[in-house]
Amino acid sequence: MQKSKRFHYLALLLAGVAGTVTSLPAQSPPQAVPFEVERSVILKRDPGTTDGSYWMHARAAMIPASVTGGKNPSALMVLFKFLGRSDFYSGLYTMRSDDRGATWSAPALEPQLDWVKDGDVNIAVADVVPDWHEKTGKFFAIGAQVRYSANGKQLEDQPRAHQTAYTVHDPKSGDWKQWRTIEMPEGDQFNFARNACAQSVIEDNGDLLLPFYIGEKVGKPFSSTVVRCTFDGDQIKYVEHGNVLALETMRGLYEPSLVKFKGRYFLTLRNDIKGYVSVSDDGLQYADPKPWTFEDGHEFGTYNTQQHWLTLGEGDDAGLFLIYTRRGADNDHVVRHRAPLFMAQVDPEKLVVMRATEQVLVPENGSTLGNSGVTVVSADESWVTVGEANVDRPEAKARGAEGSVYVVKVRRAK
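Conventions and cut-offs
Residues numbered from 1 in each chain as written. Predicted model: local features only at pLDDT ≥ 70, side-chain atom pairs only at ≥ 80, totals over all residues. Heavy atoms only, no water. Helix = DSSP H or I, 4+ residues; strand = E, 2+ residues; numbered from the N terminus. Rg over C-alpha atoms; globule rule 2.2 N^0.38 Å. Buried < 20%, exposed > 50% of the residue type's maximum accessible area, 1.4 Å probe, protein only. Contact = heavy atoms within 4.5 Å. Areas by Shrake-Rupley, 256 points an atom, 1.4 Å probe, with all protein chains shown as cover. Lys, Arg positive; Asp, Glu negative; His and termini not counted. Charge placed at Lys NZ, Arg CZ, Asp CG, Glu CD. Pairing = 2+ DSSP bridges. Phe/Tyr/Trp six-rings, centres within 6.5 Å; stacked < 30°, edge-to-face > 60°. Lys NZ or Arg CZ within 6 Å of the ring centre and 35° of its normal. pLDDT = per-residue confidence, 0-100. Core = buried A, V, L, I, M, F, W, Y, C linked by side-chain atoms within 4.5 Å.

Asks: Tell me about the overall build of the protein chain, and please be specific about residues and values.
Replies: Scanning the protein chain from terminus to terminus reveals three helices and 29 strands. Whereas a compact globule of 414 residues would reach a radius of gyration of roughly 22 Å, the protein chain reaches 20 Å, a difference of no more than 12%. Projecting the C-alpha coordinates of the protein chain onto the three principal axes gives extents of approximately 55 × 50 × 50 Å. Here the protein chain holds 414 residues, and 57% of them are scored as buried. Across the protein chain, contacts joining residues at least 24 apart in sequence account for 59% of those joining residues at least 6 apart. When the accessible surface of the protein chain is totalled, it reaches about 17100 Å², and 47% of it is carbon and sulfur. Seen as two clouds, the 46 positive and the 52 negative side-chain charges of the protein chain have centres 2 Å apart.

This is how it looks when you write it as structure tokens:
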């Protein structure tokens, strides 16, 4: 069992950083990598909707054309219907595009991905992120298993009610597997164990590095760790986990996302007060997290929502980027300042955001844009997907929110 690294928020306020982060020898700031964006709306809430539902958590992964037999790689998207109360979601719907996102099929609910009944309890899988596993030729999706009461309340009515579930899709047969859970080690620290809304890393040997947030139970601060798993095209199995990063402030450190960039591993973590970042040389052992800041040391105001990673380019000229929302953008009317959705380049040595590179990916219209996803298309192109939420609030209605789902194509500018 791994030993936690714990530090106190008061110490952060006094010191401004959270421990020592390993770094490369001093270098000049990286050269800004120019990028361009193309934004489109691929889906909207039915204008006749009266039950408060809308589409959320749209995330996609690419299936190679060599597998599908088409001219282009196919984008397979997963998404949910929000069902009118906080964190209450439908079964998992899918959409598909075979023309690089120009057109999409209508959302379809596969029977294997719908709720499962357990007496009066509905078992769902939320916060799902898909990926393509090149070594096995399978598409898989991972998320948080949730037990819902009849009125949509999340339940902790049995041991290990909150675990991580996955499904596997065979693009050749079209089959989907029923949801299964990743079996975690014994011990109270894994009573709650979620890989949810999380970007993960697939190593060259096919192993999965999955960032988890874990805890003894709901109501206590969460901690985060990276878990190494194997995947044989059918089952995902736990192998080991790294050191545990913890913060005894509010809900702790949770909803981590991971990326590998130029041989190092970068982890961004959610906290209710501010976002944090950490780095690793081996993918499992991480330095003490530090708060996200601009390069001048000022915190840039991301808090209480996810951040995600995006990379553009290859070799020495590649750039590492962060997707986020923040305060200070004339957006005090937006819930938790979760819009607009921004992207900016990161200095991977200093672990800071380069202010001059910041660009709006999706403008705000009173709705929130905090639950985004990133789809890697090629080294020079990725898509950021996000759905408008909180669309029935007065400020969102007044500004024209329509429950839109966006695909933002981000390309390296030539």
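After that view of the structure, there is still more to cover.
Asks: Can you lay out unusual backbone geometry for me, pointing to particular residues and giving the numbers?
Replies: Cis peptide bonds are those with omega within 30 degrees of zero, and the linkage from alanine 339 to proline 340 qualifies with 0°. Within the fold, proline 340 resides in the loop between strand S23 (319-324) and strand S24 (341-347). Phi at asparagine 304 is positive, roughly 50°, even though this residue is not glycine. Tracing the backbone shows asparagine 304 in the loop between strand S21 (290-291) and strand S22 (308-312). Unlike most non-glycine residues, aspartate 330 shows phi in positive territory, near 55°. Tracing the backbone shows aspartate 330 in the loop between S23 and S24.

Asks: Any chance you could break down the sheet that holds S21 for me, citing the residues and the numbers?
Replies: With respect to topology, four strands assemble into an open sheet ordered S18-S19-S20-S21, the strand pairing being antiparallel. The open sheet has two edge strands, strand S18 (254-261) and S21, and neither has a second partner.

Asks: Can you explain the packing of aromatic side chains? Please cite residues and give values.
Replies: A full pass over the atoms with the stated rule returns 23 aromatic pairs. Measuring from ring centre to ring centre gives 4.9 Å for phenylalanine 88 and tyrosine 148, while their planes differ by 70°; the resulting arrangement is edge-to-face. Taken together, the residues span a long stretch of sequence, with phenylalanine 88 in the loop between strand S4 (74-82) and strand S5 (93-97) and tyrosine 148 in strand S9 (residues 138-148) at a distance of 60 residues. Comparing phenylalanine 88 with tyrosine 148, the two get one shared label, buried. Residue classification places tyrosine 148 among the buried positions, given a relative accessible area of 0%. By way of ring pairs, the aromatic residues Phe261, Phe266, Trp292, Phe294, Phe300, Trp309, Tyr324 and Phe342 are connected into one cluster. Against the face of phenylalanine 342 rests arginine 326, its NZ or CZ located 4.7 Å from the ring centre. One cation-aromatic arrangement involves arginine 355 over phenylalanine 294; the distance from NZ or CZ to the ring centre is 3.9 Å.

Asks: Quick rundown of the confidence of the model for the protein chain? Include the residues and the values.
Replies: Overall, the prediction assigns the protein chain a mean pLDDT of 93, with 93% of residues at 70 or greater. Predicted confidence for residues 1-24 stays below pLDDT 50, and this span has 60 contacts to residues more than four positions away or in other chains.

Asks: Requested: an account of the environment of valine 218, with residues and values cited.
Replies: Looking at where valine 218 falls in the secondary structure, it is placed in the loop between strand S14 (208-215) and strand S15 (223-231). Residue valine 218 is classed as partly exposed on the basis of its relative accessible area, which comes to 42%. Between the alpha carbons of valine 218 and glutamate 156 there is a distance of 8.0 Å; along the sequence they are 62 residues apart. Not counting chain neighbours up to four residues away, the residues in contact with valine 218 comprise Glu156, His162 and Phe192.

Asks: Can you break down the nonpolar core residue by residue, with the values?
Replies: In this structure, Tyr89, Leu92, Val128, Phe139, Tyr148 and Trp179 are the most contacted members of the largest nonpolar core, which totals 28 residues. Looking at this core, the elements with two or more residues in it are strand S3 (54-63), S4, strand S8 (121-133) and S9. Among the elements that make up this core, the one with the highest residue count is S8 (five residues). Core analysis: the next-biggest nonpolar cluster, separate from the first, contains 19 residues, Val33, Leu310, Leu312 and Val362 among them.

Asks: Please set out the pairing of S9 residue by residue, giving values where relevant.
Replies: The element S9 is extensively covered by neighbouring structure, given that eleven of its eleven residues are classed as buried. Judged from the ten bridges that link them, S8 and S9 form a sheet pairing that is antiparallel. Paired with valine 125 across the bridge in S9 is glutamine 145. Between the end of S8 and the start of S9, which pair antiparallel, lie four residues, with glycine 137 showing a positive phi angle near 70°.

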